[in-house]
Amino acid sequence: NYQNEELTITKEAYITAGQFSQVDISFNEGWNMVGLPLEVENPNYQILFPEAVENTLYNFNMGYNLAEDLEAGIGYWVRLYNSGVTQLEGYVMSEIEIELNEGWNLISGISEVTSIANFIDPEEIIIPNTAYTFENGYINTDVFNPGNGYWIRAYEAGEISLISGTSAKTAPREFSLKDIANSLNINGTDLYFGIELSDRERLSYSLPPKPPTGAFDVRFKGNTRVAGGISEIEVMSPDECLTISYNIILDVGQHLNWVITSENGKEYTLEGTGEITVPKEETFTLERKMIFVPNNYALHQNYPNPFNPI
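From a predicted model like this one, the values you see are computed outputs, not experimental measurements. (Residues numbered from 1 in each chain as written. Predicted model: local features only at pLDDT ≥ 70, side-chain atom pairs only at ≥ 80, totals over all residues. Heavy atoms only, no water.)

## Some thoughts on a negative patch on the surface
There is a patch of like negative charges on the surface, built from Glu54, Glu68, Asp69 and Glu71. Mapped onto the fold, Asp69 is located in the loop between strand 5 (64–66) and strand 6 (75–80). What makes Asp69 partly exposed here is its relative accessible area of 39%. (Patch = residues over 30% accessible without salt bridge, like charges linked within 9 Å, V, L, I, M, F, W, Y side chains within 5 Å. Areas by Shrake-Rupley, 256 points an atom, 1.4 Å probe, with all protein chains shown as cover. Salt bridge = Lys/Arg side-chain N within 4 Å of Asp/Glu carboxyl O. Lys, Arg positive; Asp, Glu negative; His and termini not counted. Charge placed at Lys NZ, Arg CZ, Asp CG, Glu CD. Helix = DSSP H or I, 4+ residues; strand = E, 2+ residues; numbered from the N terminus. Buried < 20%, exposed > 50% of the residue type's maximum accessible area, 1.4 Å probe, protein only.)

If you want it as structure tokens, here you go:
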């Protein structure tokens, strides 16, 4: 009430003004990273995601923290019983300011698709190439979709802004190392090895904190996608086997090969381009190993004949 007169703004009026909207959020069975793309009446996660497993909504602030309600600008992990689509209704968020901590932050965007190149980052605190979404493993992205959660890493604490309709200041850089370094693709996740990077360059290939138990994740020890020499590969997987594709393009040296060794000592030699399927282990070792090649081969007469004792 305002001066004894009731002021009513109807849902229809907001729709006409383009301020009320619907957003469909697709999700997979298991763990998903989500966010709140609209101003809604009830932000409780079990209202927004009826398929959610109870007590599985987590935000991140120097560690995972259990939550009940979603807040704008914050990203969350949530576990769903089944895959599907949830439809949210609410008022459009055309801009938002987000406080970032130094290091990794789990955030979400506004009510429309936004390119990370459009973020307003006056202090340039965002580390390039560190925006990740999650689809059965972490995937690099430069686009924030409404309703999804995203990891992003900052050099230092500060504030960024997302505003609808802003234009990118610069074209995105290319960070792929596929034609520069040796590569592994493990169940869809790319890892690179055989090259050396500066400490600052390595930040752009760092990986977010590991997902909750039950999700898939693969990385080099040290939370990175890039390794130089001998390295340990850490694996989280609900599956019993891993499919590893490899592409070796750098000369490793005479009589040397890259070799993956499992925890039980099984060795897999990587040469050229190929694909192998291996039993799941929590860790594998990747290293260069000497391969001894005979100078010549000879076949001698069998003696004694093992099939005729006479």
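## As for unusual backbone geometry
Residues other than glycine seldom take positive phi values, yet Asn129 does so here, at roughly 70 degrees. Tracing the chain through its elements places Asn129 in the loop between strand 10 (114–115) and strand 11 (132–134). Look at Asn136: it is not a glycine, yet its phi comes out positive at around 55 degrees. Positionally, Asn136 belongs in the loop between strand 11 and strand 12 (138–140).

## Section: the sheet that holds strand 20 (residues 231–236)
If you walk across this open sheet you meet the 5 strands as 18-20-25-22-23, and the pairing is antiparallel. On the outer flanks of this sheet lie strand 18 (217–220) and strand 23 (267–270), each paired with one strand and no other. Direction aside, neighbouring strands of the sheet carry axes that sit 25 degrees apart on average. (Pairing = 2+ DSSP bridges. Axes fitted to C-alpha atoms, helices over the stretch in contact; angles between N-to-C directions.)

By themselves, these figures tell us nothing about what the structure is for.
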